[in-house]
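Structure at a glance
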Amino acid sequence: MEICILAGGLSSRMGRNKSQLRLGGKTLLGHIRRTAKALDLPVRVIRRDLVPRCGPLGGIYTALKTTRADVVLFLACDMPLVSEPLLKKFLKRTARTNAIFIWSNGAAGFPFLLNKNTLPLVQKLMQEKHFSLQTLARETGAKHFRVSRAFADDLLNLNTPADWSKLQKTFREKELNFGKGSLSIDDATV
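Fair warning: this is a prediction, and the values are worked out from it, not measured in the lab. (Residues numbered from 1 in each chain as written. Predicted model: local features only at pLDDT ≥ 70, side-chain atom pairs only at ≥ 80, totals over all residues. Heavy atoms only, no water.)

**Things to note about the sheet that holds strand β7 (residues 107-115)**
Spatial ordering of the open sheet is given by β4-β1-β5-β7-β6-β8, a layout of 6 strands whose pairing is mixed. Of all the strands in the sheet, the pair left with one neighbour each is β4 (43-46) and β8 (143-146). Across this sheet, the average inter-strand angle for adjacent strands is 30°, counted without regard to direction. Bridge analysis of strand β5 (residues 71-76) against β7 gives 4 bridges, and the strand direction is antiparallel. Residue pairing for β7: Leu73 is matched across the bridge by Leu113. Those strands touched by helix α1 (residues 28-37) are β1 (2-6), β4 and β5, and its axis lies near 170° from that of β1. The sheet contacts of helix α3 (residues 84-92) involve β5, β6 (99-104), β7 and β8, and relative to β7 the element is tilted by about 60°. (Pairing = 2+ DSSP bridges. Helix = DSSP H or I, 4+ residues; strand = E, 2+ residues; numbered from the N terminus. Axes fitted to C-alpha atoms, helices over the stretch in contact; angles between N-to-C directions. Contact = heavy atoms within 4.5 Å.)

Next up, the structure:
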């Protein structure tokens, strides 16, 4: 297994490169990379898609096409509050499955895990111009991992300047509640 952090998006709604925005002295990419490395798995950052302009499927395709691992855990650079406890709990539920997605607010999303054998399906979806994660989850027959409300902040996704303001506020609150530099939440709340 390896972890791939997708950081090749255009950031068009944000208006600037999201991965390089600074939150508490670290870039968003730096935050998620630190969390990923804590899992003691190989970590790669996918900055350039082999097939551009396919949304997240371009990065997913690139990761699956170039991995040496059988299974890839996908993280997004624009979700810097994803915590190690959430990911550990998620990984415990991934045995013997081709695909499992975090399920929140009625939709599949990041983080998610795909077996390398899903590569032909990802390629087919791209050729058919079906670029959504929802379609990918449905077509892979993905299992759903439901997250409790206690982990809602872990899944904050940054797409717009308004999202950026919300993320900064949430980060400041977490620093106050858990101590500077620590963003972990008790694993028992999942």
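This is not the end of the story, as more comes after the structure.
**Some details on the pattern of salt bridges**
What the rule picks out here adds up to 4 salt bridges. Where Glu2 meets Arg44, a salt bridge forms, and the shortest distance between an N and an O atom there is 3.0 Å. Here Glu2 is found in strand β1, whereas its partner Arg44 is found in strand β4, with 42 residues between them in sequence. Notably, a salt bridge pairs Lys88 with Glu84, separated by 2.8 Å at the nearest N-O pair. On the criterion of helical spacing, the pair formed by Lys88 and Glu84 is a turn pair, its members being 4 residues apart in helix α3. With a relative accessible area of 26%, Glu84 lands in the partly exposed category. (Salt bridge = Lys/Arg side-chain N within 4 Å of Asp/Glu carboxyl O. Buried < 20%, exposed > 50% of the residue type's maximum accessible area, 1.4 Å probe, protein only.)

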